[in-house]
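# Structural overview for review
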Amino acid sequence: MQAQLAFLHTSPVHVAGFDALVQELAPGLKVHHHVDESLLIAAQQFGATDAAVIRQVEAAMCVASTNHANAIVGMVVCTCSSIGGIAERMNGHSGLQTARIDRAMADRAVALGPRILLVAALESTLDPTTELLMESARAAGKTIEISTLLPEQAWGHFLQGDRQSYLQAISDAVRSALQDKTADIDVVVLAQASMAAAAVELSDLGIEVLSSPRLGVARAISALTHA
């Protein structure tokens, strides 16, 4: 029986996009999605280091690995950057293979650095992604410099379901930040999976603008097929 790839999302808007991405990169691969919006709300309120939040995420990852019929889940990928670290630390527990969607993006950013502009639409994402980038840098034996950017109003647009305004707010903020900075930036990191389409709009900047979905899904598929 072919192993499935499962995703844990904190918003239902991600389901269709990740489905399409998996079928583009690995046609025919079975995919399962579990959505729990309460996880991000809890992480925003209490932080991703809160014991109750950790237990809640761990439980959701377990549900994602079993909430389907007659299938074997080979890996569960968390697509939320705010809680990705919790999910990743579960790897190997009780035979469960887990990953965070933004690990591959962080590794790529470190390779392109050292000067990284980290962009997040949600403040609770900044610290976990900064920590992730630092982990990747230590693993690569490199020193990096991280500047952060939190576009005003962007998350409000997302919550209202106004995707175009959300992406525009991100793109405008990045362009403005790069114009204002006295030091050059080597790579832009869009911390949240929901920001991915902004990378296309920013493709004329002359530096790479990284988002997590494609890089993360490609790595997950590789790990699943070589397991």
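Right, let's walk through the structure included here. (Residues numbered from 1 in each chain as written. Predicted model: local features only at pLDDT ≥ 70, side-chain atom pairs only at ≥ 80, totals over all residues. Heavy atoms only, no water.)

On to the pairing of strand 5 (residues 115–119). For strand 5, the buried fraction is high: four of the five residues fall into the buried class. Sheet analysis places strand 5 next to strand 6 (residues 145–149), joined by five bridges and oriented parallel. Within strand 6, the residue paired with Leu118 across the bridge is Thr148. Crossover connection from strand 5 via helix 6 (residues 123–140) to parallel strand 6: handedness right-handed. In this structure, strand 5 lies alongside strand 7 (residues 187–190), joined through four bridges in parallel fashion. Residue pairing across strands places Ile116 opposite Val187, the latter belonging to strand 7. (Buried < 20%, exposed > 50% of the residue type's maximum accessible area, 1.4 Å probe, protein only. Helix = DSSP H or I, 4+ residues; strand = E, 2+ residues; numbered from the N terminus. Pairing = 2+ DSSP bridges. Right-handed = clockwise from strand over helix to strand, strands pointing away.)

What follows covers the packing of helix 5 (residues 103–112) against helix 6. With their axes 9 Å apart at the nearest point, helix 5 and helix 6 run at an angle of 55° to one another. Looking at the two axes, helix 5 sits oblique to helix 6. Here helix 5 and helix 6 pass one another in a crossing that is right-handed. Contact residues: Arg103, Ala106, Asp107, Ala109 and Val110 in helix 5; Leu132, Leu133, Glu135, Ser136, Ala137 and Ala140 in helix 6. Residues that form the contact of helix 5 with helix 6 fall into these classes: seven nonpolar, one polar and three charged. (Axes fitted to C-alpha atoms, helices over the stretch in contact; angles between N-to-C directions. Parallel < 35°, antiparallel > 145°, perpendicular 65-115°, else oblique. Left-handed = near helix turned anticlockwise from the far one by under 90°. Contact = heavy atoms within 4.5 Å. Nonpolar A, V, L, I, M, F, W, Y, C, P; charged D, E, K, R; others polar.)

This brings us to the packing of aromatic side chains. In total, this model carries four aromatic pairs according to the counting rule given. Both rings, one in Trp155 and one in Tyr166, keep their centres 6.4 Å apart while their planes meet at 70°; by these two values the pair is edge-to-face. Taken together, the residues Trp155 in helix 7 (residues 154–159) and Tyr166 in helix 8 (residues 163–180) connect sequence positions eleven residues apart. When its relative accessible area of 13% is taken as the criterion, Trp155 is described as buried. Arranged with centres 5.2 Å apart and planes meeting at 55°, the rings of Phe158 and Tyr166 form a pair that is tilted. Exposure class is identical for Phe158 and Tyr166. Each is buried. Connected via pairs of aromatic rings, a cluster forms that spans Trp155, Phe158 and Tyr166. (Phe/Tyr/Trp six-rings, centres within 6.5 Å; stacked < 30°, edge-to-face > 60°.)

Note that Ile221 resides in helix 10 (residues 212–225). Residue classification places Ile221 among the buried positions, given a relative accessible area of 10%. Measuring from C-alpha to C-alpha, the distance between Ile221 and Val22 comes to 8.2 Å, with 199 residues separating the pair along the chain. Excluding its chain neighbours within four sequence positions, the residues that come into contact with Ile221 are Leu5, Val22, Leu25, Ala26 and Leu29.

Residues three or four positions apart in an α-helix share a direction because the helix packs 3.6 residues into each turn. With twelve residues, helix 1 (residues 14–25) should cover 16 Å at 1.5 Å per step; its first-to-last C-alpha distance of 17 Å lies within 8% of that length. Turning to helix 1, its buried residues number three or more, namely His14, Phe18, Leu21 and Val22. Down the axis of helix 1, the buried side of the element spans an arc of 100°, and every buried residue falls inside it. (Expected span 1.5 Å × (residues − 1). Arc of directions from axis to C-beta.)

For the rest of this paragraph, the subject is unusual backbone geometry. Note that the residue after Gly113, namely Pro114, is joined by a cis bond; omega there is 20°. Looking at the element boundaries, Pro114 is found in the loop between helix 5 and strand 5. The phi dihedral of Gln153 falls on the positive side, at around 75°, and the residue is not glycine. Position of Gln153 relative to the elements: it lies in the loop between strand 6 and helix 7.

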